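Chain and residue survey
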Number of protein chains: 2
Amino acid sequence: MQPRSGDAAGAEPGSREGLRNDLGWALGVVFRGYAKAASAAFADVPGGPRGYQVLAAATRSEPGSQQQLAHHLGVDRTVMTYLLDDLERAGLIERHPDPADRRARRIAPTERGRALLSGLDERLGAAEEQVLAGLSGPERESFRALLCQAAGHASTLDPGASACVLADGADKGGC
Amino acid sequence: MQPRSGDAAGAEPGSREGLRNDLGWALGVVFRGYAKAASAAFADVPGGPRGYQVLAAATRSEPGSQQQLAHHLGVDRTVMTYLLDDLERAGLIERHPDPADRRARRIAPTERGRALLSGLDERLGAAEEQVLAGLSGPERESFRALLCQAAGHASTLDPGASACVLADGADKGGC
DNA sequence: TATTGTTATACTCTATAACTATA
DNA sequence: TATAGTTATAGAGTATAACAATA
């Protein structure tokens, strides 16, 4: 099996151009790898990885309205409703009407939600290590920093910028 | 509008832990940004960004069988069939039976496919710049290198490794 | 029997539109 | 009138299973 493709045509002279393409390929590989690892790690959490993200945002920062949080996580507001339904049904978060604007709702973690979250952080760490396994310690830090820098810039371009709302006073986006 | 969330609870002391989470968030932001930009750039290409990736692989490297290419791009083999159907219908690629294994098919670009591809590369460059806008020139190169390193490692872990098949003799995965 | 590619089907995820309540 | 959230519906994308041809 596996015919060992070294026999056929092979790379062409113009393969330098082909390398540029690899940003998209590499981004896809890493993203899918992370999504897969995170989904496995959070299999028992309602909503999976995004359920975790919502719980973390509700616990550790000021998530704002449902819509702001949805935008921050890159999901539709209707999806956020389903996500919060599941988390609330599981007793992990609660929706409180915002006194300032009674149309909006503020998301708060329950005691159970807070307790669960601390355990989940360890699992996330393992999943991240799996994705960054090809990098050394210093390389991982560089990669994290550059990735967050790019992401912060991209998210601030978005109108109604999400990151600014979540990270009080932090000017670097979500990082 | 926009109540300026600086008034409420704010970040908690334990926000250091929250930062670890941002790898997933940043990865999502950058990936979605890239996907969006690439989809817009390749709106008229059958299959969008992945149609481009297939066309590029068929033209500039040895894509192997449909299944190998599908694995490399992280899609199901059935999806690859639909993708190739569209590209073939548009006259961009052709499927030739593999003489060595007549179950398999080798994908080859048509003249029209080759001509289209060179024009698409420019569009891709613009899309990439958009995603990396938050990074300086040297930072972009570092980011590319680290990302490809991580992706290369991740894809070689996969059994039936995809990158090795595509990159003749290249030991660094697809990069 | 196992594998490549295809097809048909079912499922998941996401987006669209219509509705309630507040502003 | 416009907006936050909800709900129902439709759509895109994806995976599962069964099939034909070949190994």
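Please refer to the structure placed before this passage.
From a predicted model like this one, the values you see are computed outputs, not experimental measurements.

Brief notes about the overall build of chain A
Summing up its helical and strand segments, chain A has 7 helices and 2 strands in all. In chain A, the order of α-helices and β-strands from amino to carboxyl end is α-α-α-α-β-β-α-α-α. A total of 175 residues make up chain A; the buried ones form 46% of that total. Contacts spanning at least 24 positions in sequence make up 50% of the contacts within chain A whose residues lie at least 6 apart. Of the roughly 9,000 Å² that chain A leaves accessible, carbon and sulfur atoms contribute 52%.

A closer look at the packing of aromatic side chains
In this description, an aromatic ring pair is defined by two values, namely the gap between the centres and the angle between the planes. Residue and element names in this part refer to chain A. By the definition in use, this model includes 4 aromatic pairs over all chains. Judged by centre distance (4.7 Å) and plane angle (10°), the ring pair of F42 and Y52 falls under stacked. Of this pair, F42 sits in the loop between helix 1 (15–41) and helix 2 (48–60) while Y52 sits in helix 2; the two residues are 10 residues apart in sequence, bridging distant segments of the chain. Y52 sits in the buried class, given a relative accessible area of 1%.

With respect to the protein's contact with DNA strand D
Near DNA strand D lie 20 residues; those nearest to it are A:Q66, A:Q67, A:R77, A:R95 and B:R50. At the protein interface, 61% of the atoms of DNA strand D within 4 Å belong to sugar or phosphate. Note that a phosphate oxygen of DNA strand D is positioned 2.7 Å from one of the side-chain N or O atoms of B:R50. Only helix 3 (66–73) and helix 4 (77–89) of chain A together with helix 4 (77–89) of chain B provide two or more residues apiece to the surface near DNA strand D. In terms of residues, the surface near DNA strand D owes the most to one element, helix 4 of chain A, which gives 5 residues. Taken together, the residues that form the surface near DNA strand D break down as 3 nonpolar, 6 polar and 11 charged.

Concerning the protein's contact with DNA strand C
The local shell around DNA strand C holds 19 residues, among which A:R50, A:R103, B:Q66, B:R77 and B:R95 are the closest. In DNA strand C, atoms within 4 Å of the protein come 57% from sugar and phosphate. A:R50 places a side-chain nitrogen or oxygen 2.8 Å from a phosphate oxygen of DNA strand C. At a separation of 3.1 Å, a phosphate oxygen of DNA strand C approaches a polar backbone atom of A:R102. Residue assignment for the surface near DNA strand C shows that the elements contributing at least two residues are helix 4 of chain A together with helix 3 (66–73) and helix 4 of chain B.

Some details on the environment of A:G74
Relative to the helices and strands, A:G74 resides in the loop between helix 3 and helix 4. A sequence separation of 81 residues divides A:G74 from A:S155, and the C-alpha atoms of the two residues are 9.8 Å apart.

Notes on helix 5 (residues 111–131) of chain B
Residues and elements named next belong to chain B. Taking 1.5 Å as the rise per residue, helix 5 with 21 residues should run 30 Å; its terminal C-alpha atoms sit 31 Å apart, in good agreement. Along its length, helix 5 reaches its greatest deviation from straightness, about 25°, at G119. For helix 5, the complete set of buried residues consists of G113, L117, L120, D121, L124, G125, A127, E128 and V131.

What to know about the packing of helix 2 (residues 48–60) of chain B against helix 4 of chain B
Residues and elements named next belong to chain B. One way to put it is that helix 2 packs onto helix 4 with a least axis distance of 10 Å and a crossing angle of 80°. Considering their axes alone, helix 2 and helix 4 lie roughly perpendicular with respect to each other. Of the residues in helix 4, those touching helix 2 at R50, G51 and V54 are V79, M80, L83, L84 and L87. A per-class count over the contact of helix 2 with helix 4 returns 6 nonpolar, 1 polar and 1 charged.

Focus on helix 4 of chain B
All names here are of chain B. Helix length check: helix 4, at 13 residues, gives a terminal C-alpha distance of 18 Å against a target of 18 Å (1.5 Å per residue), a fit within 8%. Among the residues making up helix 4, those that are buried are M80, L83, L84 and L87. Down the axis of helix 4, the smallest arc covering the buried residues is 95°, so these residues share one side. Summarising the geometry of helix 4, the exposed residues directed more than 90 degrees from the buried face are Y82 and R89. Packing partners of the buried residues in helix 4 comprise helix 2, helix 3, strand 1 (93–97) and strand 2 (105–109). Backbone geometry just after helix 4 places G91 at a positive phi near 75°.

Reading the values: the criteria
- Residues numbered from 1 in each chain as written.
- Chains lettered and ligands numbered in written order.
- Predicted model: local features only at pLDDT ≥ 70, side-chain atom pairs only at ≥ 80, totals over all residues.
- Heavy atoms only, no water.
- Helix = DSSP H or I, 4+ residues; strand = E, 2+ residues; numbered from the N terminus.
- Buried < 20%, exposed > 50% of the residue type's maximum accessible area, 1.4 Å probe, protein only.
- Contact = heavy atoms within 4.5 Å.
- Areas by Shrake-Rupley, 256 points an atom, 1.4 Å probe, with all protein chains shown as cover.
- Phe/Tyr/Trp six-rings, centres within 6.5 Å; stacked < 30°, edge-to-face > 60°.
- Near = heavy atom within 4 Å.
- Polar contact = N/O pair within 3.5 Å; in protein donor to acceptor, adjacent residues only side chain to side chain.
- Nonpolar A, V, L, I, M, F, W, Y, C, P; charged D, E, K, R; others polar.
- Expected span 1.5 Å × (residues − 1).
- Bend = angle between axes of the 7 residues up to and from the residue.
- Axes fitted to C-alpha atoms, helices over the stretch in contact; angles between N-to-C directions.
- Parallel < 35°, antiparallel > 145°, perpendicular 65-115°, else oblique.
- Arc of directions from axis to C-beta.

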